[in-house]
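Observations on the model geometry
The residues making up each chain are set out below.
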Amino acid sequence: MYSQNIFYNLPIHGNVLGSLVLANEGVGINFDILETNLINLAIVLGVLFFFGKGFLGNLLGSRKADIEAAISKAESRQAEAAASLAEQQKKLAAAQEEAKSIVAKARESSVRVKEDILAKSKTEVERMKSDASRDLASEQERVISELRQRAIAKALVEVESKIKVGLSDEQKRGLVDKSIELVGGGN
Amino acid sequence: MTNFFPLPITNVLAELEVGEHLYWHVGNFKIHGQVFLASWVVMGALIVASILATRNVQRVPSGMQNFMEYALEFIRDLAKTQLGEKEYRNWVPFIGTLFLFIFVSNWGGALIPWKLVELPSGELAAPTNDINTTIALALLTSLAYFYAGLSRKGLGYFADYAQPTPIMVPFKIIEDFTKPLSLSFRLFGNILADELVVAVLVFLVPLFIPVPLMLLGLFTSAIQALIFATLAATYIGEAMEEHGEHE
């Protein structure tokens, strides 16, 4: 409101500091209440506070409440999630345990089955082997007896032919004696 | 910065000062000292508020933190509606700074009893009632949207001036000049007019009568801050908008 043209019109060609110092010489405080519009400003500020405080207070209060609700909700959900995670982990551990036991059982039974099968096949092999050897022996026997019979038959034929050719009485008697002796005349 | 917008109505209305400035001399420039002083006050208020809000950050915000978070949320929503969900994040600081600075300037100009302090020349008021401030803000907005467009599309940004038809090219070029012009003059005019009206009324009827107008001034200056920030965001969003093949 006070145009102090003394400073305004001064031709200042100094540096910033100099001009600042020069400019600051005119700084003062105006205590004229009407001219500085203090009363109106006070009213405006009062109105602003009166209405603004309630409005802003409500706004910020509800915002805070919303945030609190959201946080507590999130926290409860986190707790829930943690609980269910723990539960599932427990279940997982149990399942793994079970899986392990199943695997162990399977391994055990597999070993047992293997042994069974091995034993069975061994006895089978043994049986087959013994069967085969028995077969072999009987065949041998059969062949041997056949050969014997053939030899006997051949010998008989030979003997018959020799007998037919002729034996002296001496010889006949000697033969009969021998035979009697062979059959058991000696004892 | 020279005396860009002198309004010599000093003789018309008693001793009302418009176009009187507290000149500081920096090099060859004459700068408006009272604008700087008021800007520093505004900046100080914003910085102090930010420090108070972030000094002791709680999980459940209360007091200053709650208030500033609310302001930030407001600015973020503003940027989001203008720039879209994908892009708004990078521009929140710029738009938020514009909004907060203009808003606090306007309200500070209307609510702080600046006239208690008497300067050798000129008087303290909202920084936004000086055309230099608003032009600076508007030019920053222009830079911001050119940067947004060029960084997004390269020189193809200028090719988009011919969208949807080449007839648009001169209008688009004119727009680049009218955007900062309208931004700065709108803000400057509103705030200066508002303060002038109140000052004139105070001269004529010192008590009570100016109060409704002061309240109206608070309303319009808040709206002006919102308009400036919204328009800045819109210009930036427009510059980044994809034309042509991507639809």
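Computed from a predicted model, the values in this text were never measured in an experiment.

**Quick notes on the packing of helix H3 (residues 38–165) of chain A against helix H2 (residues 63–83) of chain B**
Interaxial distance between H3 of chain A and H2 of chain B falls to 10 Å at its minimum, and their mutual angle equals 90 degrees. One element, H3 of chain A, and the other, H2 of chain B, form an angle in the roughly perpendicular class. Residues Leu 56, Leu 59, Leu 60, Arg 63, Lys 64 and Ile 67 of chain A of H3 of chain A lie in contact with H2 of chain B, whose contacting residues are Asn 66, Phe 67, Glu 69, Tyr 70 and Glu 73 of chain B. Taken together, the residues of the contact of H3 of chain A with H2 of chain B sort by class into six nonpolar, one polar and four charged.

**Looking at a nonpolar patch on the surface**
A cluster of nonpolar side chains, Ile 33, Leu 34 and Ile 39 of chain A together with Phe 208 of chain B, forms an exposed patch at the surface whose accessible area comes to about 360 Å². As for its placement among the helices and strands, Leu 34 of chain A is situated in the loop between strand E1 (28–29) and H3. A relative accessible area of 41% places Leu 34 of chain A in the partly exposed class.

**Considering the confidence of the model for chain A**
Residue and element names in this part refer to chain A. Residues at a pLDDT of 70 or more form 84% of chain A, whose mean pLDDT is 82. Ranking the helices and strands of chain A by mean pLDDT puts H3 first, with 92, and helix H1 (residues 5–9) last, with 39. Note on residues 1–23: pLDDT is under 50 here. Beyond four places in sequence and across chains, it has 37 contacts.

**Topic: the environment of Thr 36 of chain A**
Relative to the helices and strands, Thr 36 of chain A is located in the loop between E1 and H3. According to the relative accessible area criterion, Thr 36 of chain A is buried, its value standing at 1%.

**Side note on the layout of surface pockets**
Over the atoms rolls a probe the size of a water molecule, and in doing so it shows where empty space is left. The space that makes up the largest pocket amounts to roughly 1500 Å³. If you go around the largest pocket, you meet 35 residues; those closest to its centre are Leu 48 and Leu 56 of chain A together with Phe 67, Phe 103 and Trp 107 of chain B. For the lining of the largest pocket, the secondary-structure elements that each account for two or more residues are H3 of chain A together with helix H1 (33–55), H2, helix H3 (88–111) and helix H7 (210–240) of chain B. Here the lining of the largest pocket takes nine residues from H3 of chain A, the largest share from any one element. Among the residues making up the lining of the largest pocket, the classes are represented as 32 nonpolar, two polar and one charged.

Calculation criteria
Residues numbered from 1 in each chain as written. Chains lettered and ligands numbered in written order. Predicted model: local features only at pLDDT ≥ 70, side-chain atom pairs only at ≥ 80, totals over all residues. Heavy atoms only, no water. Axes fitted to C-alpha atoms, helices over the stretch in contact; angles between N-to-C directions. Helix = DSSP H or I, 4+ residues; strand = E, 2+ residues; numbered from the N terminus. Parallel < 35°, antiparallel > 145°, perpendicular 65-115°, else oblique. Contact = heavy atoms within 4.5 Å. Nonpolar A, V, L, I, M, F, W, Y, C, P; charged D, E, K, R; others polar. Patch = residues over 30% accessible without salt bridge, like charges linked within 9 Å, V, L, I, M, F, W, Y side chains within 5 Å. Areas by Shrake-Rupley, 256 points an atom, 1.4 Å probe, with all protein chains shown as cover. Salt bridge = Lys/Arg side-chain N within 4 Å of Asp/Glu carboxyl O. Buried < 20%, exposed > 50% of the residue type's maximum accessible area, 1.4 Å probe, protein only. pLDDT = per-residue confidence, 0-100. 1 Å grid on protein atoms, 1.4 Å probe; cavity = no way out; pocket = protein on both sides within 12 Å on 5 of 7 lines; lining within 4 Å. Points joined across faces, edges and corners; volume = space filled by probe spheres on them.

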